[in-house]
Amino acid sequence: MSKVGTADVDVANRKGQNDRGRSDKDKADTEQKLDFVRQIVAEDLKTNKWGGRVVTRFPPEPNGYLHIGHAKSICLNFGIAAECDGQCNLRFDDTNPEKEEEEYVKSIMEDVRWLGWDWNDRLYFGSDYFEQMYEYAVQLVKKGKAYVCDLTPEQIREYRGTLTEPGRDSPYRNRSVEENLDLFERMRKGELPDGSRTLRAKIDMSHPNLNMRDPVTYRILHATHHRTGDKWCIYPMYDWAHGLEDSIERITHSVCTLEFENHRPLYDWFLEELGVYHPQQIEFARLNLSYTVMSKRKLLQLVRDGLVSGWDDPRLPTICGLRRRGYSPEAIRNFCRRIGVNKFNSTVDIALLEHCVREDLNKTSPRVMAVLWPLKVIIDNYPKGQVEEMEAINNPEDPSAGTRKVPFSRELYIEREDFMEEPPKKFYRLAPGREVRLRYAYFVRCTEVIKDANGEVVELHCTYDPATRGGDAPDGRKVKSTLHWISAPDALKAEIRLYNPLFTKENPDDVAEGEDFKANLNPNSLEVLADCRIEPSLAGAAPLSRYQFERLGYFCVDADSSDEKLVFNRTVTLRDQWARIQKAQQNRSQK
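Residues numbered from 1 in each chain as written. Predicted model: local features only at pLDDT ≥ 70, side-chain atom pairs only at ≥ 80, totals over all residues. Heavy atoms only, no water.

Novice: Would you mind going over the overall build of the protein chain in detail, with residue names and values included?
Specialist: A count of helical and extended segments in the protein chain gives 14 helices and 29 strands. Looking at the protein chain residue by residue over its 591 residues, the buried ones come to 52%. Put simply, 70% of the contacts in the protein chain that link residues at least 6 apart link residues at least 24 apart. Of the roughly 27,300 Å² that the protein chain leaves accessible, carbon and sulfur atoms contribute 45%. Each charge class in the protein chain was averaged separately, 87 positive and 96 negative side chains, and the resulting centres sit 4 Å apart. (Helix = DSSP H or I, 4+ residues; strand = E, 2+ residues; numbered from the N terminus. Buried < 20%, exposed > 50% of the residue type's maximum accessible area, 1.4 Å probe, protein only. Contact = heavy atoms within 4.5 Å. Areas by Shrake-Rupley, 256 points an atom, 1.4 Å probe, with all protein chains shown as cover. Lys, Arg positive; Asp, Glu negative; His and termini not counted. Charge placed at Lys NZ, Arg CZ, Asp CG, Glu CD.)

What follows is the structure in C-alpha cells.
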C-alpha cells in the first residue's frame, strides 16, 4: 500500500512495534483523536477480530466521473488500510450495463492514482463475480428463500406498502422451488423479455424496514455490458451484489455512506442465509459542500444541457475538474482529513476547501508576475532600448526554489486597478504625483496621464529613481505600496479564465416552487480575459503547472493552452475567507 503524504494520526501497528516506549496516556490520547471508523478498526485489531487483517475497498459505480465527495471515501478507505499496514481494493461495482462505460473506468483509475493512492494488484470488478452471484441466488431459491415474481415494477411498489402500512404478499410468492428454479434459468437464458420477471428474496412483507420487504435481487435486462458483452441478460441489484462482492474479496470493514444504514439488515440477511464470510458494514456521513451540487444526476444534467463545458469544467466539484482548475492532490487529502468522519450529515463551507488549497499552493507554487487588466506605463527618464534583468524570488516559502531573472524596460504594464487619477483616502497605489515601488525594481512617480477621446486613461508617464534599484531608497524614504508589473516588449499574451462559484446560493436546491437547482446558476461563474500579459519565463509552461501570480491569486495552465495561445485558470484568490471566519469565531469566543 503506497500513498503520497502522511495521515494526521497513525493507528498502532497490529504487531505492536509502534507501542514500544509509549505511555498509557499517549495511547489514550491517540485513541481519542481517531474518528469513529478508525476506532472500530483499532479495537478490532486489538481483539484480533479478523485475525489481524485490515482489508477495505473503494467500490465506485463506473457510471460517471468522481467528485470530491468520492475523494473523502477514497482517502478514508485507502487511508485506513495504509495506516494499519492493510490492503484496499479498487472494485468497480459494474452491475448496471445501461449506464456504465469504459470511459468512466479509466477516469476513476486516473483520479484515484492522482490523489496519491495505489491499489497495486487489487483491481476487481463486480462483473468478475456474476457466475458466483448467480449460484448464490440458486442456493437461496433451493432454500425457499427466493422466488421469481411476475409483478411489474409499479405493482411491486404498490404491494410494498408504506412506512405506516405493511406490504402485501406477491401472488407468486409461494411458487414451488422447482418452478422458481426453472423460471430463473429461463431468465438467464434470455427466454423472457425485459421487465417481465424478477427474482426476489423471500423475507417479510410486514417488516418495519421497507428494504426487507422481499427486495428484488435480479432483473431481466438485455443490454451489452462493457466487460462481459452479451453473455448475461439478467443483472444483480446493488443490495444483492454489494455484500457478496465484499464477502468474496474477504473485506473486513465495508465502509459506506450513511444512506446505506437502513440497508445493513439486508446486507446481513443475505450473507447469513448463504452462510458465507460476513464483513462488517460501517456507515459514515457523505460530504456536502456549499455552493455546489454532488448528485451525479445533477452533474450529468449540467454537462448534457451544455451549462458547463464538460465533466472537467473547473467550476464542477469533479476530481478531474478540480485538477484542471489547479487543485493539488495534497490539498484535497488535507481537506478530507480536516473535515473528519462523522455519523451525521452536514454541509462543509467551501471556504475551508479553498483554505486547504491556498495552504498547500503557498508552499509549492512558484511566484511569477502577470497583469490581467493592462495599463501602459512609460518611464520617460529610463534609457530607450535598455533592458535590465531584475532578480526575482521564485518562492519565499521555499529557499531552495532559488531566483529567476525578470526583464525590465522603459515601457511596462501595470494593473489598471493599481492607478486612480483622483484617489480616495487609504488608496496608496499609483496616482498623479505619487511614488510607488515596482516589485524587484525601482521607485517610480506618475507625472502625466494620457486619456483617449472618451476620457478613459490609456497610458501613464512616470519617472524612476535609478538609486532605488532593488526596491529601497538610499535616503531612507518610504513608499506605501508595491506594484507588480510586466516589461511590455518582453510580455507574453495570455487568456486567463476567472472562476467563481457555480451557484449563487449556498444551497443550490433552495428554489421557489416550480423551479429546480438550475435557477440558482451563477451567470458570472466564468469571466474570460483575452488580453492579459505574463512574464516571459512562462513560455512553454506545461498544462496543469501551478503558479502564484503575485498579488492576484493562484493559477494553473489549462489543457487548452499551447505555444501559440497560453491559457490559465484561476484556482483560487489570495484572500482567505476561511481564515477570517476562524479568526472571527476565536474573537467571539474570547469575549
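Novice: Now, about the packing of helix 2 (residues 36-47) against helix 3 (residues 68-83): what can you tell me, with residues and values included?
Specialist: One way to put it is that helix 2 packs onto helix 3 with a least axis distance of 11 Å and a crossing angle of 30°. Considering their axes alone, helix 2 and helix 3 lie roughly parallel with respect to each other. For the element pair helix 2 and helix 3, the recorded crossing hand is right-handed. Here Val 37, Arg 38 and Val 41 of helix 2 come into contact with helix 3, specifically with Cys 75, Leu 76, Gly 79, Ile 80 and Glu 83. Taken together, the residues that form the contact of helix 2 with helix 3 break down as five nonpolar, one polar and two charged. (Axes fitted to C-alpha atoms, helices over the stretch in contact; angles between N-to-C directions. Parallel < 35°, antiparallel > 145°, perpendicular 65-115°, else oblique. Left-handed = near helix turned anticlockwise from the far one by under 90°. Nonpolar A, V, L, I, M, F, W, Y, C, P; charged D, E, K, R; others polar.)

Novice: Residue-level account of unusual backbone geometry, with values.
Specialist: Excluding glycine, most residues fall at negative phi; most peptide bonds, likewise, are trans. Phi is positive for Asn 48, which is not a glycine, with a value near 60°. Of note, Asn 48 is situated in the loop between helix 2 and strand 2 (55-58). Of note in this structure, Asn 120 is not a glycine but carries a positive phi near 55°. Positionally, Asn 120 belongs in the loop between strand 4 (117-118) and strand 5 (123-125).

Novice: Which residues make up the pattern of salt bridges, and what values do they have?
Specialist: Applying the stated criterion across every chain yields a total of 52 salt bridges. A salt bridge links Glu 158 to Arg 168, with the nearest nitrogen and oxygen atoms 3.3 Å apart. On the criterion of sequence distance, the pair formed by Glu 158 in helix 6 (residues 153-160) and Arg 168 in the loop between helix 6 and helix 7 (177-189) is long-range, its members being ten residues apart. On the basis of relative accessibility, which here comes to 54%, the residue Glu 158 falls in the exposed class. Classification of Arg 168 as partly exposed rests on a relative accessible area of 42%. Close ionic contact of Glu 435 with Arg 445 constitutes a salt bridge, the shortest N to O distance being 3.6 Å. Note that Glu 435 is positioned in strand 20 (residues 435-438) and Arg 445 in strand 21 (residues 443-451), a separation of ten residues in sequence. (Salt bridge = Lys/Arg side-chain N within 4 Å of Asp/Glu carboxyl O.)

Novice: Give me the sheet that holds strand 27 (residues 546-549): which residues, what numbers.
Specialist: With respect to topology, seven strands assemble into an open sheet ordered 14-27-28-29-25-26-15, the strand pairing being mixed. The open sheet has two free edges, formed respectively by strand 14 (367-368) and strand 15 (370-371), since each of these has just one partner strand. Of the pairings in the sheet, the one linking strand 25 (residues 492-499) to strand 29 (residues 566-573) comprises four bridges and is parallel in character. Each bridged residue has a counterpart across the sheet, and for Glu 495 the counterpart in strand 29 is Val 567. (Pairing = 2+ DSSP bridges.)

Novice: Account for the confidence of the model for the protein chain, naming residues and giving values.
Specialist: Of all residues in the protein chain, 92% attain a pLDDT of 70 or more, and the chain-wide mean is 92. Segment residues 1-31: pLDDT under 50, and 49 contacts once partners within four positions in sequence are set aside and those in other chains are kept. (pLDDT = per-residue confidence, 0-100.)

Novice: Could you give an account of the side chain of Lys 376, with specific residues and numbers?
Specialist: With respect to the helices and strands, the residue Lys 376 is situated in strand 16 (residues 374-379). At 3.4 Å, the side chain of Lys 376 and the side chain of Glu 411 are in polar contact. With sequence-adjacent residues up to four places away left out, Lys 376 is seen in contact with Glu 411, Leu 412, Tyr 413, Val 458, Glu 459, Leu 460 and Ala 488. (Polar contact = N/O pair within 3.5 Å; in protein donor to acceptor, adjacent residues only side chain to side chain.)

Novice: Pulling in residues and values, what's your account of the sheet that holds strand 21?
Specialist: Hydrogen bonds along the backbone pair up the strands of a sheet, which may run parallel or antiparallel. Read from one edge of the open sheet, seven strands run 23-20-21-22-16-19-24, paired in mixed fashion. Strand pairing shows two members of the sheet lacking a second neighbour, strand 23 (482-483) and strand 24 (486-487), which therefore form its edges. Bridge count for strand 20 against strand 23 is two bridges, and the pairing is parallel. Paired with Leu 438 across the two strands is Leu 483, which belongs to strand 23.

Novice: I'd like a description of the pairing of strand 3 (residues 87-92), backed by residues and values.
Specialist: Among the six residues in strand 3, five count as buried, and that is most of the element. As paired strands, strand 2 and strand 3 are joined by four bridges and run parallel to one another. By the bridge assignment, Phe 58 is partnered in strand 3 with Leu 90. As a crossover connection, the stretch from strand 2 through helix 3 into strand 3 is right-handed. Pairing between strand 3 and strand 5: three bridges, direction parallel. Bridging from a neighbouring strand, Arg 91 pairs with Tyr 124 of strand 5. (Right-handed = clockwise from strand over helix to strand, strands pointing away.)

Novice: Residues and numbers for the packing of aromatic side chains, please.
Specialist: Counted under the stated rule, the structure contains 23 aromatic pairs. Geometrically, the ring pair formed by Phe 408 and Trp 485 is edge-to-face, given 5.1 Å between the ring centres and 85° between the ring planes. Here Trp 485 lies in the loop between strand 23 and strand 24 and Phe 408 lies in strand 18 (residues 403-408), a separation of 77 residues in the sequence. For Phe 408, a relative accessible area of 0% translates into the label buried. The exposure class assigned to Trp 485 is buried, which follows from its relative accessible area of 1%. An aromatic cluster is built from Phe 130, Tyr 134, Phe 184, Tyr 218, Trp 232, Tyr 235, Trp 240, Trp 269 and Phe 270, whose rings are joined through pairwise contacts. The ring of Tyr 159 carries the charged tip of Arg 168 above its face, separated from the ring centre by 4.2 Å. (Phe/Tyr/Trp six-rings, centres within 6.5 Å; stacked < 30°, edge-to-face > 60°. Lys NZ or Arg CZ within 6 Å of the ring centre and 35° of its normal.)

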